[in-house]
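Understanding the architecture of this molecule
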Amino acid sequence: MAGQRIDSEKAPEPVGLYPHARRVGNLLFLSGVGPRKRGSKIIPGVELDEDGNIVAYEIEAQCRSVFENVRHILEEAGSRWDNLVDVTVFLTDMEKDFPVYNRLYAEYFRTNQPCRTTVEVSRLPTPIAIELKCIATIE
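Residues numbered from 1 in each chain as written. Predicted model: local features only at pLDDT ≥ 70, side-chain atom pairs only at ≥ 80, totals over all residues. Heavy atoms only, no water.

Things to note about the overall build of the chain
When helices and strands are counted, the chain shows two helices and eight strands. Of all 139 residues assigned to the chain, the portion counted as buried reaches 40%. Restricting to contacts in the chain with at least 6 residues of sequence separation, those with at least 24 account for 68%. As displayed, the chain has an accessible area near 7,500 Å², and 51% of this comes from carbon and sulfur atoms. (Helix = DSSP H or I, 4+ residues; strand = E, 2+ residues; numbered from the N terminus. Buried < 20%, exposed > 50% of the residue type's maximum accessible area, 1.4 Å probe, protein only. Contact = heavy atoms within 4.5 Å. Areas by Shrake-Rupley, 256 points an atom, 1.4 Å probe, with all protein chains shown as cover.)

Right, dumping it as structure tokens:
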């Protein structure tokens, strides 16, 4: 199998059969990362009904949690936030959430400005409004 498997002890458990990341040479490829908290089904800023459907959500809380989860994976893999070189962002409501997300992105990526792609998707595998897919270097 190509690359070293990386599993974080701090980021939320994957919802499928995949690692948090894989290291190939000096590159670190992260799987999609959402805002869920490790060891629970709690999603910061999300209110669900009894069937698990989103009733309401706050995108700022989800963004901050996603960024924290990405940081956990990077650091446990021997990388760091400033080593991010590419970020793909999936939002479920571009019109409503992009302004807040973009403001927070500018806050978190003030010194490091990786390449970025932001796309709207109709839904994500869990009841979340944002997911990040990242590539970083390991020095």
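Some words on the packing of aromatic side chains
Applying the stated criterion across every chain yields a total of eight aromatic pairs. Arranged with centres 4.7 Å apart and planes meeting at 35°, the rings of Trp-81 and Phe-109 form a pair that is tilted. Taken together, the residues Trp-81 in the loop between helix H1 (59-76) and strand E6 (84-91) and Phe-109 in the loop between helix H2 (94-108) and strand E7 (115-120) connect sequence positions 28 residues apart. Here the two residues Trp-81 and Phe-109 agree in accessibility, since each one is buried. Aromatic side chains Tyr-105 and Phe-109 sit 4.1 Å apart centroid to centroid with 20° between the ring planes, which places their arrangement in the stacked category. Owing to a relative accessible area of 3%, Phe-109 belongs among the buried residues under this scheme. It is Arg-116 that lies over the ring of Tyr-105; its NZ or CZ is 4.5 Å from the centre. (Phe/Tyr/Trp six-rings, centres within 6.5 Å; stacked < 30°, edge-to-face > 60°. Lys NZ or Arg CZ within 6 Å of the ring centre and 35° of its normal.)

Regarding the environment of Gln-62
With respect to the helices and strands, the residue Gln-62 is situated in helix H1. Residue classification places Gln-62 among the buried residues on the basis of a relative accessible area of 0%. Taking the C-alpha atoms as reference points, Gln-62 and Lys-41, 21 residues apart in sequence, are found 13 Å from one another. Setting aside residues up to four positions removed in sequence, Gln-62 forms contacts with Pro-35, Ile-43, Pro-44, Val-46, Tyr-57, Ile-128, Ala-129 and Ile-130. In terms of polar contacts, Gln-62 uses its side chain to reach the backbone amide nitrogen of Ala-129, at 2.9 Å. (Polar contact = N/O pair within 3.5 Å; in protein donor to acceptor, adjacent residues only side chain to side chain.)

A closer look at H1
The terminal C-alpha atoms of H1, which comprises 18 residues, lie 26 Å apart, in line with the 26 Å expected from a rise of 1.5 Å per residue. The positive-phi residue at the C-terminal boundary of H1 is Gly-78, with phi of around 95°. (Expected span 1.5 Å × (residues − 1).)

Regarding the packing of H1 against H2
Contact pair H1 / H2: the axes reach a minimum separation of 9 Å and the direction vectors enclose 40°. In terms of their interaxial angle, H1 and H2 are classed as oblique. Crossing hand, H1 versus H2: right-handed. Across the interface between the two elements, Ile-59, Glu-60, Cys-63, Arg-64, Phe-67 and Arg-71 of H1 pack against Asp-97, Val-100, Tyr-101, Arg-103, Leu-104, Tyr-105, Glu-107 and Tyr-108 of H2. Within the contact of H1 with H2, the residues separate by chemical class into eight nonpolar, no polar and six charged. (Axes fitted to C-alpha atoms, helices over the stretch in contact; angles between N-to-C directions. Parallel < 35°, antiparallel > 145°, perpendicular 65-115°, else oblique. Left-handed = near helix turned anticlockwise from the far one by under 90°. Nonpolar A, V, L, I, M, F, W, Y, C, P; charged D, E, K, R; others polar.)

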